[in-house]
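Each chain, letter by letter, is given below.
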Amino acid sequence: MDRFDRIFELNRIFQSARYPVSRQRLEEELECSRATVKRLIEEMRLYLNAPVVYDRKRNGYHYDAAEGEMYQLPGLWFNASELQALLTVQQLLAEIQPGLLESHLQPLRRKIDQLLSRQPGQVEPVSRHIRLLRAAARPAGPYLTQLASALAARHRVSLKYYNRGSDKVTEREVSPQRLTLYRDNWYLDAWCHMREGLRTFALDAISDVRDSDQAAIELPGEQLDAHFSEAYGIFSGSTSHQAILRFTRHRARWVAKESWHPRQQSRWLEDGRYELVLPYAHTAELIMDLMRYGADVEVVSPPELRAEIADRLRQAVAQYEADQSESDD
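Read on for a plain summary of the structure.

Thresholds applied
- Residues numbered from 1 in each chain as written.
- Predicted model: local features only at pLDDT ≥ 70, side-chain atom pairs only at ≥ 80, totals over all residues.
- Heavy atoms only, no water.
- Helix = DSSP H or I, 4+ residues; strand = E, 2+ residues; numbered from the N terminus.
- Buried < 20%, exposed > 50% of the residue type's maximum accessible area, 1.4 Å probe, protein only.
- 1 Å grid on protein atoms, 1.4 Å probe; cavity = no way out; pocket = protein on both sides within 12 Å on 5 of 7 lines; lining within 4 Å.
- Points joined across faces, edges and corners; volume = space filled by probe spheres on them.
- Nonpolar A, V, L, I, M, F, W, Y, C, P; charged D, E, K, R; others polar.
- Contact = heavy atoms within 4.5 Å.
- Polar contact = N/O pair within 3.5 Å; in protein donor to acceptor, adjacent residues only side chain to side chain.
- Pairing = 2+ DSSP bridges.
- Axes fitted to C-alpha atoms, helices over the stretch in contact; angles between N-to-C directions.
- Phe/Tyr/Trp six-rings, centres within 6.5 Å; stacked < 30°, edge-to-face > 60°.

## Considerations on unusual backbone geometry
Here the amide bond leading from serine 301 into proline 302 is cis, since omega sits at 5 degrees, within 30 degrees of zero. Tracing the backbone shows proline 302 in the loop between strand E11 (297–301) and helix H10 (303–328). Phi is positive for asparagine 59, which is not a glycine, with a value near 55 degrees. Structurally, the position occupied by asparagine 59 is in the loop between strand E1 (52–55) and strand E2 (60–63). What makes asparagine 59 partly exposed here is its relative accessible area of 47%. With phi around 70 degrees, aspartate 184 is a residue other than glycine that occupies positive phi space. By secondary structure assignment, the location of aspartate 184 is in the loop between strand E4 (168–182) and strand E5 (185–192).

Structure, rendered in structure tokens:
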């Protein structure tokens, strides 16, 4: 946590605690040293007028009873993840087409607007001064509401699905498990009864959905997390490979701050390059992400991934050389 997040968390601890909180507990929850805790408390007292008092008898800190319940941090005191979540949901709700959920979503929209405009000292909602740019987003299609209803009712659906890789349309009966928003696009995680396994379907590639009276197979959340979060990318599955990537000193300034996967491993090399190790099951999405770095990344292993990237780069060079020779003629 950075200083901002620690002050935010300290305020939350004091507001929720029924008894004085020991300095040792504050050190553990804030993940910092004794000196840092003392400095944060002093800063809150001096600069934020926080009513923090020390109870010698109970050897702990708390908000003064007379002022603590009314105290609010000045300014906009959402942490980064909360602010991003509120703004993202606000934008998504604004984009949902009117339908069966309209009466349920309208109160939620109003609540988010209130949260974003209630901060002390604000003249107007902060959302007017923040942009959320969506890149390469595809339309979700007309079946988002129907699939959400099937999830809530826990029944199966039959769908027609276009596989872009094979350029074929297949009919599937599936038990919906989750709807996932990933990189600004919607996906359905489901148990496919034809394949007898978990599969992920892009909503924009679904051309028809028909409800079924049959109850859906419901898998435990732990099993879904293990399957969809184990390997790299949206189309995950059981991890079968590990990619070792090395980024140039220049590109490392950005990549070292990025989170590619919950189980990634990383280290700085002596020459200033940055090494990233990722688990993956399928190469398609990983190759697309690596190709955008061009000469700034080297695939060290496995050999088959290295060879595939090298082949893609040769094809790209050949295309540009062919265009150049045509222009010379």
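## Points about empty space enclosed by the protein
Inspection of every chain in the model, using the stated rule, returns one cavity of 30 Å³ or more. Approximately 30 Å³ is the volume found for the largest cavity. Arg138, Pro139, Ala140, Asn185, Trp186, Leu203 and Asp204 are the residues that line the largest cavity. Looking at the lining of the largest cavity residue by residue, the classes come out as four nonpolar, one polar and two charged.

## Notes on the environment of threonine 180
One can find threonine 180 in strand E4. In this structure threonine 180 touches Asn185, Trp186, Tyr187, Asp189 and Ile234, once residues within four positions along its chain are discounted. Side-chain polar atoms of threonine 180 contact the side chain of aspartate 189, separated by 2.9 Å.

## A closer look at the sheet that holds strand E9 (residues 265–268)
With respect to topology, four strands assemble into an open sheet ordered E9-E10-E8-E11, the strand pairing being antiparallel. Strands with a single pairing partner mark the edges of an open sheet, and in this sheet they are E9 and E11. Put simply, the sheet's adjacent strands are angled 25 degrees from each other on average, direction ignored. In this sheet, strand E10 (residues 274–280) lies alongside strand E8 (residues 241–247) in antiparallel orientation, the contact comprising seven bridges. Among the inter-strand pairings, histidine 241 is bridged to a residue of E10, identified as tyrosine 280.

## With respect to the sheet that holds strand E7 (residues 206–215)
Across the sheet, five strands lie side by side as E6-E5-E4-E3-E7; this open sheet has antiparallel pairing. Each edge of the open sheet is held by one strand with a lone partner, namely strand E6 (197–202) and E7. Adjacent strand axes in the sheet meet at a mean angle of 45 degrees, parallel and antiparallel pairs treated alike. Where helix H6 (residues 144–153) meets the sheet, its contacts fall on strand E3 (155–163), E4, E5 and E7, and the angle it forms with E4 comes to roughly 75 degrees. Where helix H7 (residues 221–229) meets the sheet, it contacts E4, E5 and E6, and its direction lies at approximately 65 degrees from that of E6.

## Focus on the packing of aromatic side chains
Under the defined criterion, the tally for this structure stands at nine aromatic pairs. Seen in terms of ring centroids, tyrosine 161 and phenylalanine 201 are 5.0 Å apart; in terms of plane orientation they differ by 85 degrees. Their pairing is edge-to-face. On the criterion of sequence distance, the pair formed by tyrosine 161 in strand E3 and phenylalanine 201 in strand E6 is long-range, its members being 40 residues apart. We note that tyrosine 161, like phenylalanine 201, is buried. Taking 5.4 Å as the distance between ring centres and 80 degrees as the angle between the ring planes, the aromatic pair formed by phenylalanine 247 and tyrosine 293 counts as edge-to-face. Residue phenylalanine 247 is found in strand E8, and its partner tyrosine 293 is found in the loop between helix H9 (284–291) and E11; the two are separated by 46 residues along the sequence. Each member of the pair, phenylalanine 247 as well as tyrosine 293, carries the same accessibility label: buried. What links up through ring pairs into an aromatic cluster is the set Phe14, Tyr63 and Tyr71.

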